[in-house]
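The residues making up each chain are set out below.
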Amino acid sequence: MFSSATPSPLLSLPLYPNPSHNSCYKLSFTRRHLLFLSTSSLSLPSSPLSSSAIPQPSPPPDTTVTDRVYMDFSICPTFLRPDADDCSDSLPLGRLVIGLYGRLVPLTVSNFKAMCTGSAGSSYKDTLVQKIFPGQFFVAGRQGRRDKGEVRPPLDLARNTETVDPRAFALRHSRAGVVSLCLSENDDDDEIKLNPDYRNVEFLITTGPGPCPQLDNRNIVFGSVLEGLDVITAIASIPTYKPAERIRQLNDLAEFLGDERAQIARATWDKPLKTVYISDCGELKVTKPTLSPPSLP
């Protein structure tokens, strides 16, 4: 009796004679044959990957210094008054020379330089260092009333579209002397920000000694201090207003309840107890401003 099942075409392929049948050839398969066929059929000739298939690392950000500006900082024993252009009995702290990365973020650099020279219809000159965070950074360039030592809102600055460009946030706040445009740390009044002609000019400078990773990817690094790190250290050492823990807790509760006065009260926190201000600023005209310092962030 023969089985009614039809043999598989693979099993009917001739391979070698079967001594028990003289009239035909049949395939004699074992598990070893099947294993050999399955592994050999999956083995494909290997070919080296072409260089175009290997992802190439992106080039590092261009931190070439294209422009240089200076800022002179001083301490004024008396607060700036609207009827006084400067503080006659000020104590000079020193000068910062800042290198700007004009190839990386040209709009941010152009606006900052215009605020240093006064060509924007406003200037950083005679404006205050608003806040100092010891061991981290200090903030200057807050817009508002001139009689409070704040920056007059600029009229002739281009709109900075780099604030929405991910490439502008490539650099890190890795050490002391990093200069960046305040975005996450900006504390301009909402009334000023809602103006259609609002241009953000508030900036921060890291004081060290360590990095400030909380600022990364949230503020635009556009320059670095080339000279005057001792001035940064002097500014960072100035004492600031620190509220008591009880006041902080009450403020947190007020903010949780939606009381707008909580934000107003926090505006006085971390303010220096001495009047630190930018007594002068401008552009340094040099023959060859372009350079690439090896220690830039």
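Note that this is a predicted model, so its numbers are computed, not measured.

Undergrad: Provide a residue-level description of the pairing of strand 5 (residues 127-133), including the pertinent values.
TA: Counting buried residues in strand 5 gives seven out of seven residues, a clear majority hidden from the surface. Two strands pair when backbone bridges link them, and strand 5 and strand 10 (residues 275-283) are joined in this way by two bridges, in the antiparallel orientation. Residue leucine 128 lies in a different strand from strand 10, and its bridge partner there is tyrosine 277. With four bridges joining them, strand 5 and strand 6 (residues 137-140) adopt antiparallel strand pairing.

Undergrad: Go over helix 4 (residues 229-236) with me, naming the residues and quoting the values.
TA: For helix 4, every residue scored as buried is listed here: Val231, Ile232, Ile235 and Ala236. Angularly, the buried residues of helix 4 cover 135° about the axis, an arc narrow enough to put them on a single face. Exposed residues on helix 4 whose side chains face more than 90 degrees from its buried face are Asp230 and Thr233.

Undergrad: Report on the sheet that holds strand 7 (residues 178-181), specifying residues and quantitative values.
TA: Reading around the circumference, 3-4-9-7-8-6-5-10 is the order of the eight strands in this closed barrel, with antiparallel pairing throughout. The mean inter-strand angle of the sheet, taken between neighbouring strand axes irrespective of direction, is 35°. Relative to strand 8 (residues 203-206), strand 7 runs antiparallel, the two being bridged by three bridges. Bridging across to strand 8, valine 179 finds its partner in isoleucine 205. Relative to the sheet, helix 2 (residues 106-117) contacts strand 3 (67-76), strand 4 (91-100), strand 7, strand 8, strand 9 (220-227) and strand 10, its axis offset from that of strand 3 by approximately 45°. Taken strand by strand, helix 4 contacts strand 3, strand 4, strand 5, strand 6, strand 8, strand 9 and strand 10, and its axis lies near 125° from that of strand 4.

Undergrad: Please set out the environment of leucine 250 residue by residue, giving values where relevant.
TA: With respect to the helices and strands, leucine 250 occurs in helix 5 (residues 245-256). Leucine 250 gets classed as partly exposed once you look at its relative accessible area, which sits at 46%. Distance from leucine 250 to alanine 262, taken between C-alpha atoms, is 8.7 Å for residues 12 residues apart in sequence.

Undergrad: Requested: an account of the pairing of strand 3, with residues and values cited.
TA: Burial within strand 3 is extensive, with 10 of its 10 residues counted as buried. Of the two faces of strand 3, both are covered, the one formed by Asp67, Val69, Met71, Phe73 and Ile75 as well as the one formed by Arg68, Tyr70, Asp72, Ser74 and Cys76. Across nine bridges, strand 3 lies against strand 4 in antiparallel orientation. What sits directly across from arginine 68, in strand 4, is glycine 99. As defined by bridge partners, strand 3 adjoins strand 10 across eight bridges and the pair is classed as antiparallel. Note on strand 10: the bridge partner recorded for isoleucine 75 is valine 276.

Undergrad: Let's hear about the side chain of threonine 108: which residues, and what values?
TA: Structurally, threonine 108 can be placed in helix 2. Only 2.7 Å separates the side chain of threonine 108 from the side chain of glutamate 162, close enough to count as a polar contact. Not counting chain neighbours up to four residues away, the residues in contact with threonine 108 comprise Asn160, Glu162, Leu181, Ile220 and Phe222.

Rules used in this analysis
- Residues numbered from 1 in each chain as written.
- Predicted model: local features only at pLDDT ≥ 70, side-chain atom pairs only at ≥ 80, totals over all residues.
- Heavy atoms only, no water.
- Buried < 20%, exposed > 50% of the residue type's maximum accessible area, 1.4 Å probe, protein only.
- Helix = DSSP H or I, 4+ residues; strand = E, 2+ residues; numbered from the N terminus.
- Pairing = 2+ DSSP bridges.
- Arc of directions from axis to C-beta.
- Axes fitted to C-alpha atoms, helices over the stretch in contact; angles between N-to-C directions.
- Contact = heavy atoms within 4.5 Å.
- Polar contact = N/O pair within 3.5 Å; in protein donor to acceptor, adjacent residues only side chain to side chain.

So yeah, pure geometry; function would need other evidence.
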